[in-house]
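Letter by letter, the chains look like this.
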Amino acid sequence: MLSFEEARATLLSAARPIQGTERVEVLHAAGRVLAEDVLAQLNVPPADNSAMDGYAIRVIDLPAANTLLPVSLRIPAGSIAQALEPGTAARIFTGAQIPFGADAIVMQERCIADDDSVRIGLVPKAGENIRRAGEDISAGTQVLSPGAVLRAQELGLIASLGVAQINVFARLRVAVFFTGDELCMPGESLAAGQIYNSNRFVLRGLLSEMGCEVIDLGIVRDDLGATREALRQAAGGADLILTCGGVSVGEEDHVKAAVEAEGVLENWRVAMKPGKPLAFGRVGETPFIGLPGNPVSSFVTFQMLVRPYLRRMQGWPAALPALLTMRADFAWNKSVPVREFLRVRRNALGGLDLFPNQGSGVLTSCTWADGFVENAPATLIGHGDMVSYLPFETL
């Protein structure tokens, strides 16, 4: 068997970042990967403005704390400020432009308003509570580079520059199908020996969360000809073909033979649990990955092997997730010669609890858990040991 590390390295080395781009509204670009430089065409903020609600003053007009000044201006955010008359104060609000002549803002909590005057409770330093033009971003600065993943904060940053549309890499088109005569869809009646196809919902959901365009070819019966036809159809319009089930060595597992007939296949047995059977190759020029059919095996192999591969194809600069070190509040006494991914959940004491049934068909372990413990081959875990933890939210 290939080690888990060898399998992942082979997949990542084969991943070819997508080249196509499209222009999209910044408002709808969350999760996309930037395909161009973003340059600031203006200063942010564009003018000196107040960092808080308070009073704009000239420091020279305050010989001591508790000086009473007449209020000559009221400046809401979005208005154009007049010059501040010497010896007066201006009522000002957060984000409002600083009037010419003012050199400090005193927060309203340190002031006492009295009709048309205000008593300033302290003598501020020049520049206090003033956000200077360009202190966040100076005009001409390169703000983001191609390959940046557009999270909420990047979208806000781009919007602050007045940019409405940007070039991003095109969505990956992933064709999926699911093999097995035993599979049927929710809403249908189960015949003897049949099960509902949970993997279809899991994999579609995972791909959609990653921003992929899903081409769903549905359930393909356990037949070599039907499987070959599905592969040809998928290869016609996808950047990746992803199947679930049929990659083992049973007499009804036709995916391996179908891919070999339509393209090239490397059939792996990866030293990981759950997950072991995994197929990788291509149909024509389209990459192919075949996942195992057990629901937890499919979920784990997607998260740990397929997700990094897709991230590399999407142009993400960091395809591999970061592991945290946390305390195991459980013992694991089963030594196996492969890398294990145990379903765990953080507890109120700052440690990790283990789901009691780690079987590859127990999908409830994945809904209960909030992450995996990545356990090295032939490694026992004692209560209180420090372990490598991968939170689902970092994926």
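Residues numbered from 1 in each chain as written. Predicted model: local features only at pLDDT ≥ 70, side-chain atom pairs only at ≥ 80, totals over all residues. Heavy atoms only, no water.

Structural notes on the state of the cysteines
Disulfides are covalent bonds that link the sulfur atoms of two cysteine residues.
Here is step 1 of the chain: Going through the model one piece at a time under the given rule, you end up with 0 disulfides.
Here is step 2 of the chain: No disulfide involves cysteine 184; its sulfur sits 15 Å from that of cysteine 244, the nearest cysteine.
Here is step 3 of the chain: Here cysteine 366 stays free of any disulfide, with the sulfur of cysteine 244 as its closest cysteine sulfur at 13 Å. (Disulfide = S-S within 2.5 Å.)

Remarks on helix α5 (residues 255–262)
Here is step 1 of the chain: Looking only at α5, the buried set comprises Val255, Ala258, Val259 and Glu262. Take α5 and look down its axis: the buried residues cluster within an arc of 95°, on one side only.
Here is step 2 of the chain: Against β14 (173–179), α4 (224–235), β18 (240–244), β19 (263–273), β20 (277–283) and β21 (286–291) lie the buried residues of α5. (Buried < 20%, exposed > 50% of the residue type's maximum accessible area, 1.4 Å probe, protein only. Helix = DSSP H or I, 4+ residues; strand = E, 2+ residues; numbered from the N terminus. Arc of directions from axis to C-beta. Contact = heavy atoms within 4.5 Å.)

What about the environment of glutamine 153?
Here is step 1 of the chain: Relative to the helices and strands, glutamine 153 is located in helix α2 (residues 152–160).
Here is step 2 of the chain: Among the residues examined, glutamine 153 registers a relative accessible area of 48% and is labelled partly exposed.
Here is step 3 of the chain: Spatially, the C-alpha atom of glutamine 153 lies 9.6 Å from that of alanine 30, the residues being 123 residues apart in sequence.

Points about the side chain of serine 365
Here is step 1 of the chain: Mapped onto the elements, serine 365 comes out in helix α7 (residues 364–368).
Here is step 2 of the chain: A relative accessible area of 0% means that serine 365 is categorised as buried.
Here is step 3 of the chain: Of note is the side chain of serine 365, whose polar atom sits 3.1 Å from the side chain of arginine 343. (Polar contact = N/O pair within 3.5 Å; in protein donor to acceptor, adjacent residues only side chain to side chain.)

Some points on the side chain of asparagine 375
Here is step 1 of the chain: Residue placement: asparagine 375 occurs in strand β25 (residues 371–375).
Here is step 2 of the chain: At 2.9 Å, the side chain of asparagine 375 forms a polar contact with the backbone oxygen of threonine 379.
Here is step 3 of the chain: Setting aside residues no more than four positions away along its own chain, asparagine 375 makes contact with Trp332, Val338, Arg339, Glu340 and Ile381.

Here's the deal with the environment of tyrosine 55
Here is step 1 of the chain: Note on placement: tyrosine 55 falls in strand β5 (residues 54–57).
Here is step 2 of the chain: Owing to a relative accessible area of 7%, tyrosine 55 belongs among the buried residues under this scheme.
Here is step 3 of the chain: Sequence-wise, tyrosine 55 and arginine 200 are 145 residues apart; in three dimensions their C-alpha atoms are separated by 61 Å.
Here is step 4 of the chain: With residues up to four places along the chain from it excluded, the contact list for tyrosine 55 reads Val71, Ala89, Ala90, Arg91, Ile92, Ala104, Ile105, Val106, Cys111, Ala113, Val118 and Ile120.

Section: the sheet that holds strand β10 (residues 117–120)
Here is step 1 of the chain: Strand order in the open sheet made by the 6 strands is β8-β5-β7-β6-β10-β9, with mixed pairing throughout. Of all strands in the sheet, those bounded by a partner on one side alone are β8 (104–107) and β9 (111–114). Between one strand axis and the next, the sheet turns by 40° as a mean value, whatever way the strands run.
Here is step 2 of the chain: The pairing of strand β6 (residues 67–75) with β10 spans 4 bridges and is classified as antiparallel. Its bridge partner being in β10, threonine 67 is matched across the sheet by isoleucine 120. (Pairing = 2+ DSSP bridges. Axes fitted to C-alpha atoms, helices over the stretch in contact; angles between N-to-C directions.)

A word on the packing of helix α3 (residues 198–209) against helix α6 (residues 295–314)
Here is step 1 of the chain: Direction vectors running N to C along α3 and α6 enclose 25°, while the axes themselves pass 11 Å from each other. In this view, α3 runs roughly parallel relative to α6, as classed from their interaxial angle. With respect to the hand of their crossing, α3 and α6 are arranged in right-handed fashion. Residues Ser198, Asn199, Val202, Leu203, Leu206 and Leu207 of α3 form the contact with α6, whose own contacting residues are Pro295, Ser298, Phe299, Phe302, Gln303, Arg307 and Leu310.
Here is step 2 of the chain: Taken together, the residues of the contact of α3 with α6 sort by class into 8 nonpolar, 4 polar and 1 charged. (Parallel < 35°, antiparallel > 145°, perpendicular 65-115°, else oblique. Left-handed = near helix turned anticlockwise from the far one by under 90°. Nonpolar A, V, L, I, M, F, W, Y, C, P; charged D, E, K, R; others polar.)

Focus on the pattern of salt bridges
Here is step 1 of the chain: This model, assessed by the stated rule, comprises 18 salt bridges.
Here is step 2 of the chain: A salt bridge links arginine 221 to aspartate 223; the shortest N-O distance between them is 4.0 Å.
Here is step 3 of the chain: Judged by relative accessible area, arginine 221 falls into the exposed class, the value being 53%.
Here is step 4 of the chain: Note on aspartate 223: relative accessible area 30%, which makes it partly exposed.
Here is step 5 of the chain: Among the ionic pairs, glutamate 393 bridges to arginine 346, the shortest N-O distance being 2.8 Å. Pair noted here: glutamate 393 is in the segment after β26 (386–391) and arginine 346 is in strand β23 (residues 339–346), with a separation of 47 residues, a long-range link.
Here is step 6 of the chain: Shared partners join several salt bridges into a network, and the residues in it are Arg228, Glu229, Arg232 and Glu262. (Salt bridge = Lys/Arg side-chain N within 4 Å of Asp/Glu carboxyl O.)

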